[in-house]
Each structure stands twice: as C-alpha cells, then as structure tokens.
Amino acid sequence: MRKSVFFFLFIGCVACSGTGQKPEPSAETPPLENWARPAVKGSMGGAYFVYTNELPAADTVLSVASDAARMVQLHETYETDDGISGMREVKNIILQPEETLVLEEGGLHLMLMNMQRNLAEGDTVFVTLKLAQAGDREIKIPVISPSAGGEDHSNHPQ
Amino acid sequence: MKSLSVFSLLFLFAITACSRVPVLDDLSSPSFNMINQDGEEVVFPDDFKGKYMVLGFIYINCPDVCPMITQNMKNVQSQLGNPDDVQFVAVTFDPERDTPEELKKYKDMFKLDTNFNFLTADTTTMSAFLDSVRVRTQISFTTESDTGEELYFINHSNKIMVLNRKAQLIYEYGGSMTNPNMITEDIKKVL
C-alpha cells in the first residue's frame, strides 16, 4: 500500500516537473541571405548579406558604404566575458579564395548609422563593398520585415 | 475500490501541486513611474497587473539583437492569437535617446498593436528599474559621425521575461536566441 502511494506521487510529480528555468535552443529558422531591416531616418539600421571572394587570391574588405546611411561599419554581436550581449566593429576582414563572408542575425552585421531615409518593406538598399583586390562591389539588398525564429524565411527574395 | 479512490486523489493532488509554475522573483513592488510611446504616464507594474505580461528590454539604436527580441515578442503575440489577457511590454535601457516619440516610430516600424507598449523613464528611475529586473547595461564604445555627433552603443542583458497576473516572474529566456514557439507553449500552459 505504502509503495503504491509513493508510486502515484512520483508519477504525478514527474508528469509535471517544470521548474520555470528554460533551456534556450537556437531558432531553427533558415537564415535570410541579403536583407535589411526596416529603419527610421536619423536612427540606426541593420543589414545582412553574403559575399564570396571569387578571385584566386586572398582579398580584404577595406570599407563599406551605402546610399541609405551616412556611416556604415561592419559589426559583430558577441557575448561579453560577464555574459551580456555586446557589439563591436570588425575591420579588415580577409577572405581567402572561395571564402564566403556571411552576415547574419546574431553575428556579423552591417551597421547603418545615421540613416538618410526611412526604410520600409519593399525598399532596396545598395551597399558598396570596397575590396583591396576586387575593387568596388555593389550589393543590392531588399528591405524585409523578418519573422525571426519560428517561421520559414525561405520564400523571401534573396 | 476505496484504495483506488485514495490513489486517484493522491495523483490529482500531486499533479495540482506540481503544475503551479514556480515564482522566480516577485516584481510586484516597488513601482516605477514611466511613460509609454504615446506620452502617457504609466506605473509599472501596477497598471499591468491582472494580465500576464511578456517583458523585453531593448534600445532603438541596436541594429541586431534588440530587433530580434522585439520580433520574437511579436511572434509570440501572433502565435497566441493576439490575446487580450497577455500584454507585451518592451522597456528601453537608453532613455536619453529613446524618447516616447522615437519609441512610437519604432513601434510603428514593427506594426505592433495597442496591446504592445514601449516604456521609458527618467534616467534615475530607469536605473532603479533595471536593477530590480537584473538587466545590466554598459556603454560599449563611442564613435563620431561625419557631422561630429557622438554615437554610443550599449552592451546589455539579452532576455525576455514572462510575469503572471500578480507581476511575479515565472519564466525567463534568452531574448534574441530563444525560439518563440517555446515561449508561446509555456504561456499557453498557464493561461
């Protein structure tokens, strides 16, 4: 009798053993490739893209510019030593032959500072990568409102 | 037969006792005087008690993590079917730049409804509030624009909280990296 009581209590508790502390799995969303967030004139904006060095030699990203912002930098999101979220500029990225530079949410991103116009879904941003070997490469980036984490982005235009 | 009934009662008791979501922290006091994106004075958490709350922390000049947090909260709201009894609140930790007017523009950019509010406060109040919810911030670096304007960025805690109707913290997640499905499912359990 006593064993049975403990058994039922055990089963009952195991069946609902939540603690309130939640694990944090990564979102399973396929990343967009080229896209920019909607942004407000005068504020900051963010954009993401991929670029592959197709030259037979290594190349270096010297700077980035855009028609949409007065200042543009490459930044990366990182976690500080004391566990908070930070952001810092990354300069002189070197790309080996066939290496792809990937800018994506939560990692490397394009920092559009002092936006010169509002960016709304459907707009386009032009970004110019200045490379040591390849010269200037223009990238066309559509403005998209993402559904981060949980919805499929795969049908968005690239 | 009698012992079966006892077992059933014990089983139900065990489930009921265990199904209460543990309170991780009591945020029901103190209260903080804040302003929303429409310039309306609100008292946190007093004006929000009686409903569940999904609470996030952002600043507008953050181009990567904070939009992800905001979008995750929006997705949770959408997945829940935009319920009236769950309110969504995002508090800025950059009150000097994130005025109600700027917060309104940010809210409009995300096309958020009336049940989604952005709050700011004077710097003293905001500092005390952030301490109470254990959100840490620090200026990470500053740079100068081509017009001589100083731009600064902020390192910050990255989290989303869920509060119950008494403004007690019951769930806490990584803000930008958590799949909103998980938050939605947790809230459905307690509604």
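Note: the structure precedes this text.
Let me sum up the structure you'll find in this document.

1. A word on unusual backbone geometry
- At the junction of Ser29 of chain B and Pro30 of chain B, the peptide bond is cis and its omega measures out at 5° in the coordinates.
- Here Pro30 of chain B shows up in the loop between strand 1 (25–26) and strand 2 (32–36).
- Residue Pro45 of chain B is bonded to the preceding Phe44 of chain B through a cis peptide linkage, with omega at 0°.
- Within the fold, Pro45 of chain B resides in the loop between strand 3 (41–44) and strand 4 (52–58).
- Located in the positive-phi region is Asn92 of chain A, a residue other than glycine, with phi close to 50°.
- You can see Asn92 of chain A is positioned in the loop between strand 6 (85–89) and strand 7 (93–95).
- For Glu98 of chain A, which is not glycine, the phi torsion reads 70° and is therefore positive.
- Assignment of secondary structure puts Glu98 of chain A in the loop between strand 7 and strand 8 (100–102).
- Accessibility expressed as a relative area gives 56% for Glu98 of chain A, which makes it exposed.

2. Side note on the sheet that holds strand 10 (residues 168–174) of chain B
All names here are of chain B.
- Spatially, 8 strands are ordered 1-10-9-4-5-6-2-3 in an open sheet, and the strand pairing comes out mixed. Edge positions in the sheet fall to strand 1 and strand 3, since each has one partner strand and no second.
- Of the strand pairs in this sheet, strand 2 and strand 3 are connected by 4 bridges, and their pairing is antiparallel. Each residue of the ladder has a partner; that of Met34, found in strand 3, is Val42.
- Against the sheet, helix 3 (residues 100–109) touches strand 2, strand 4, strand 5 (86–92) and strand 6 (116–120), its axis set at about 155° to strand 6.

Basis of the calculations
- Residues numbered from 1 in each chain as written.
- Chains lettered and ligands numbered in written order.
- Predicted model: local features only at pLDDT ≥ 70, side-chain atom pairs only at ≥ 80, totals over all residues.
- Heavy atoms only, no water.
- Helix = DSSP H or I, 4+ residues; strand = E, 2+ residues; numbered from the N terminus.
- Buried < 20%, exposed > 50% of the residue type's maximum accessible area, 1.4 Å probe, protein only.
- Pairing = 2+ DSSP bridges.
- Contact = heavy atoms within 4.5 Å.
- Axes fitted to C-alpha atoms, helices over the stretch in contact; angles between N-to-C directions.

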